[in-house]
Amino acid sequence: MSINASPPPSSPSPEPRASRRELNKTATREAIASAALVFLRSGKLGSFTVDDVAAAAGVSRRTFFNYFSSVEAAIASFTQTYLDAIIAAFKERPADEPLLESAQIALSVAGSHQQLTVLAEVFALTQDPQLSRFQLQAWDECSLTITEVARQQLPDDTDDLYIHTLVGALVGSCRAAFIVWFQRHGTNTTPESIADLRELLGATITQIRNGFSA
């Protein structure tokens, strides 16, 4: 007698693995950015050049410009990396979850302690108009991406003004958290200081959720 056995359940498809080429590109980008940060730690912006950073990273000047348009852009990449982690965590939240709750959870889990520490250090070391432009560009690009995610999660008839105001409040409040953190701690990036920054980032969402009485 034949037995009609059910086929075994299909296993989930494995996550696509990055190619060696992609890994090498990521490593090169990180080496350039890290070299720029080392120079920034030891001197002011303008005291080192693209050639200095490229040599320290072990790449050519041409390779440097394949990844970054300037020293400032290389340093600002730490901001972009952290914001990308927040966006990725935000996208993973359930579609039916309230937007502010998704944002608060994303801020609490996104990025490693090391990533946040480096970003805080970069923020503290880059109180310079030249670098501010690149930092603002990273935050602006983050706003655009979160706006698109919000459009997908909110009802189709949600007013554009509501979406842009909400996202603007979210992103602006996160930047405000870094400003307040810097006022409290300066260039101090001890674990306690970074824990305070993480708490401030979470508290910004609570502020928006509760509204302002004044």
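An account of the accompanying structure is given in this report. (Residues numbered from 1 in each chain as written. Predicted model: local features only at pLDDT ≥ 70, side-chain atom pairs only at ≥ 80, totals over all residues. Heavy atoms only, no water.)

Quick notes on empty space enclosed by the protein
For clarity, the threshold we go by: Two kinds of site are reported from a 1 Å grid over the protein atoms alone, namely cavities, where a 1.4 Å probe fits but cannot get out, and pockets, open sets with protein on both sides within 12 Å along at least five of seven lines, and residues are called lining when an atom falls within 4 Å of a point. Grid points are joined across faces, edges and corners, and a volume is the space filled by probe spheres set on the points. Charged means Asp, Glu, Lys or Arg here, nonpolar means Ala, Val, Leu, Ile, Met, Phe, Trp, Tyr, Cys or Pro, and polar covers whatever is left, Gly included.
Enumeration according to the criterion identifies two cavities of 30 Å³ or more in this entry. Taken together, 15 residues line the largest cavity, and the ones lying closest to its centre are Ile 86, Leu 107, Ile 146, Leu 170 and Cys 174. In terms of residue class, the lining of the largest cavity is made up of 15 nonpolar, no polar and no charged. In this model, the second largest cavity occupies a volume close to 40 Å³. Forming the walls of the second largest cavity are Thr 79, Leu 119, Phe 123, Gln 135, Trp 139 and Phe 178. In terms of residue class, the lining of the second largest cavity is made up of four nonpolar, two polar and no charged.

Here's the deal with the side chain of Ser 193
Test applied: Under the DSSP-based scheme used, a helix requires at least four consecutive residues in state H or I and a strand at least two consecutive residues in state E, with every element numbered from the N terminus. Each residue is assigned to one of three classes by its accessible area relative to the maximum for its type, calculated with a 1.4 Å probe on protein chains only: buried under 20%, partly exposed between the two thresholds, exposed over 50%. Pairs of residues are marked as contacts when any of their non-hydrogen atoms sit within 4.5 Å.
The topology assignment puts Ser 193 in helix α9 (residues 191-210). In this structure Ser 193 comes out as buried when scored by relative accessible area, which is 1%. Beyond its immediate chain neighbours, meaning those up to four positions away, Ser 193 contacts Trp 181, His 185 and Asn 188.

What about the packing of helix α5 (residues 99-109) against helix α8 (residues 160-185)?
For clarity, the cut-off: Here an axis means a line fitted to C-alpha atoms, over the contact stretch when the element is a helix, while the angle between two N-to-C directions is reported on a 0 to 180 degree scale. In this scheme, roughly parallel covers angles under 35 degrees and roughly antiparallel covers those over 145, while 65 to 115 is roughly perpendicular and the rest are oblique. When the near helix sits turned anticlockwise from the far one by under a right angle, the crossing is termed left-handed; a clockwise turn instead gives a right-handed crossing.
Axis separation between α5 and α8 bottoms out at 12 Å; the angle between their running directions is 25°. For the element pair α5 / α8, the angle class is roughly parallel. When you trace α5 past α8, the crossing you get is right-handed. Residues Leu 99, Leu 100, Ala 103 and Leu 107 of α5 lie in contact with α8, whose contacting residues are Leu 166, Leu 170 and Cys 174. Class assignment of the residues belonging to the contact of α5 with α8 gives a composition of seven nonpolar, no polar and no charged.

Structural notes on the nonpolar core
Applicable threshold: Throughout, nonpolar core names a set of buried Ala, Val, Leu, Ile, Met, Phe, Trp, Tyr and Cys residues whose side chains join them through atoms within 4.5 Å.
Ranked by size, the top nonpolar core spans 40 residues in total, and within it Phe 178 and Leu 201 carry the most contacts. Breaking this core down by element, the ones donating at least two residues are α4 (71-91), α5, α6 (113-125), α7 (129-153), α8 and α9. The greatest single-element share of this core, amounting to nine residues, is contributed by α8. Setting aside its immediate chain neighbours within four residues, Phe 178 contacts Leu 116, Leu 119, Ala 120, Phe 123, Trp 139, Leu 197 and Leu 201. Counting residues in each nonpolar core, the second largest holds 24 residues, with Val 53, Ala 57, Phe 68 and Phe 134 among its members.

Looking at the side chain of Ser 143
Within the secondary structure, Ser 143 sits in helix α7. Take Ser 143: its relative accessible area is 19%, and that puts it in the buried class. In this structure, Ser 143 is in contact with Val 167 and Val 171, ignoring residues within four places of it in sequence.

As for the packing of α8 against α9
Put simply, α8 and α9 touch, their axes get as near as 9 Å, and they point 145° apart. Between α8 and α9 lies a crossing whose hand is right-handed. Contact residues: α8 offers Ala 169, Leu 170, Ser 173, Cys 174, Ala 177, Phe 178, Val 180, Trp 181, Arg 184 and His 185, while α9 offers Ser 193, Ile 194, Asp 196, Leu 197, Leu 200, Leu 201, Thr 204, Ile 205 and Ile 208. Considering only residue class, the contact of α8 with α9 consists of 13 nonpolar, four polar and two charged.

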